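Residue-level structural notes
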Amino acid sequence: MADWLAALDRRADLRAKAGLTRRLHPRAADETVTDLAGNDYLGLATHPEVTAAAARALSAYGLGATGSRLVRGSTDAHHALEDALADWIGTDRALVFSSGYLANLGALRALVQPRTLLVSDAHNHASLIDGCRISGAETVVTPHADVTAVADALAAAPGRPAVVVTESVFSVDGDLAPLARLHAVARRHGALLLVDDAHALGVTGPAGAGGVAAAGLAGEPDVVVTATLSKALGGAGGLVAGPAEFVRHLVETGRTFIFDTALPPAVAAGVHTAVGLARAGEHLRAELAERAALAVARLAAAGLTVSAPDAGVISVTAPGPEAATAWAADCRDRGVAVGCFRPPSTPDTRSRLRLTINAGVPRTDFERALEVIVEVAP
Ligand SMILES: Cc1ncc(COP(=O)(O)O)c(C=O)c1O
């Protein structure tokens, strides 16, 4: 075998010994599993109005965008979606990207000038970590949700441009960032605040407008919001929202906007319909919150270590990576899909099951799924 392939095999063996093998498993269109693994918080991915809007745009525009918007043109579907997103989140403008990952890479790179300091939370998502790295800026990683450490990092770089980088609902443990206090500290030091609202948009805040809106920071001139369109909005793509000048800067200089084929118009049209349903989805958010509280109560009563039900993400600590893998496989065998998070997908050495609450799953199936988890994770 060629040397480089043998080297890859050795690395796979090491991962297997550490219980960190990752395997694809099949998903059928007519599957009957109860979904506590995906991020379709409001059940909109399969909503008939969403899929019908996407189908109409699909026959009008075809499968793909066929190029970047600067090269191939910018459709009504993109503009209507961006206007709806900016209006909902409460920012001047919004720009959509082909994924949330690329939105974060693009936003961070565009925020960096010579001598910029990035101050990044230790639990930030991989796309924010990679965005900091790719930006080339000096990055200080502060302990999780530690506002004093952020203040200290900013105070140690007087006169330098700086950006504080955080998620609003953290993607592994589902806890909330202290956004109002982070913003106060950032403003005191003349720094910007970038918030990834991926797990909050549609789930928290007034009319589901997200964590930034919930903290009363929507439209602040020193706040930039990023998010994905693939979670509560049930589609795909990412967004950056903020002042009009920043969005213009992204259109003209953002590498992950310019050198990337645009979000397919059909997806933009489907997500636009999902925005309207999410805004009006107070009943779905109430159901989601009630289920999150129920899940935590049931699993904690069974002796499991569970995170708080702050939003729609709940993490259940496993004794190790092998146990997490076995628990997730047992759940799957019994018709329940859960997330299995092991290092390096976790911010520490703890392996977990990650449950994401989907308000669209029938209530009896959801309650049965909790019983299955209690039985497989003693
Ligand atoms: C916090 C966070 N940011 C960004 C992303 C990336 O979004 P996308 O899947 O649209 O690339 C994800 C998850 O997928 C996420 O959880």
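Placed above this text is the structure.
The present account deals with the structure reproduced in this document. Here the structure is a predicted model, which is why all the values come from computation and not from measurement.

Procedures and definitions
Residues numbered from 1 in each chain as written. Predicted model: local features only at pLDDT ≥ 70, side-chain atom pairs only at ≥ 80, totals over all residues. Heavy atoms only, no water. Near = heavy atom within 4 Å. Polar contact = N/O pair within 3.5 Å; in protein donor to acceptor, adjacent residues only side chain to side chain. Helix = DSSP H or I, 4+ residues; strand = E, 2+ residues; numbered from the N terminus. Nonpolar A, V, L, I, M, F, W, Y, C, P; charged D, E, K, R; others polar. Buried < 20%, exposed > 50% of the residue type's maximum accessible area, 1.4 Å probe, protein only. Contact = heavy atoms within 4.5 Å. Phe/Tyr/Trp six-rings, centres within 6.5 Å; stacked < 30°, edge-to-face > 60°. Expected span 1.5 Å × (residues − 1). Axes fitted to C-alpha atoms, helices over the stretch in contact; angles between N-to-C directions. Parallel < 35°, antiparallel > 145°, perpendicular 65-115°, else oblique.

Focus: the site of the ligand
- The ligand sits among 15 residues. The nearest are Gly100, Asp196, His199, Thr228 and Lys231.
- Here an oxygen atom of the ligand sits 2.9 Å away from a polar atom, N or O, in the side chain of histidine 199.
- A distance of 3.0 Å is found between an oxygen atom of the ligand and a side-chain nitrogen or oxygen belonging to lysine 231.
- Per-element tally for the shell around the ligand: the top contributor is helix 5 (residues 100-111), with three residues.
- Across the shell around the ligand, the residue classes tally to two nonpolar, ten polar and three charged.

Details of the environment of leucine 182
- Of note, leucine 182 is situated in helix 8 (residues 179-188).
- Residue classification places leucine 182 among the buried positions, given a relative accessible area of 4%.
- Residues leucine 182 and aspartate 146, 36 residues apart in the sequence, show an inter-C-alpha distance of 9.0 Å.
- Excluding anything up to four places from it in sequence, leucine 182 contacts Val147, Val150, Val164, Thr166 and Leu193.

Examining the packing of aromatic side chains
- Under the definition given, this model contains one aromatic pair.
- Centre to centre, the rings of phenylalanine 97 and phenylalanine 257 are 5.8 Å apart; their planes meet at 70°, and the pair counts as edge-to-face. Of this pair, phenylalanine 97 sits in strand 2 (residues 93-97) while phenylalanine 257 is found in helix 11 (residues 255-258), placing the two residues 160 residues apart along the sequence. The residues phenylalanine 97 and phenylalanine 257 share a single accessibility class, namely buried.

Some words on helix 12 (residues 265-279)
- In a regular helix each residue adds 1.5 Å, so 15 residues correspond to 21 Å; helix 12 covers 21 Å between its end C-alpha atoms and thus fits that length.
- Every buried residue of helix 12 is listed here: Pro265, Ala266, Ala268, Ala269, Gly270, Val271, Ala274, Val275 and Ala278.
- In the core, the buried residues of helix 12 are packed alongside helix 2 (48-61), helix 4 (76-89) and helix 13 (282-301).

Quick notes on unusual backbone geometry
- Looking along the chain, the bond that leaves proline 343 and enters proline 344 is cis, with omega of 10°.
- One can find proline 344 in the loop between strand 10 (336-341) and strand 11 (351-356).
- Despite not being glycine, arginine 115 has its phi angle at roughly 75°, a positive value.
- The exposure class of arginine 115 is exposed, given its relative accessible area of 55%.
- Unlike most non-glycine residues, alanine 207 shows phi in positive territory, near 55°.

Brief notes about the packing of helix 5 against helix 10 (residues 244-253)
- The interhelical angle for the contact between helix 5 and helix 10, taken along N-to-C directions, is 105°, at an axis separation of 10 Å. Classed by the angle they form, the pair helix 5 and helix 10 counts as roughly perpendicular. Residues Gly106, Ala107, Ala110 and Leu111 of helix 5 form the contact with helix 10, whose participating residues are Phe246, His249 and Leu250.
- Taken together, the residues of the contact of helix 5 with helix 10 break down into five nonpolar, two polar and no charged.

Just distances and angles here, no functional claims.
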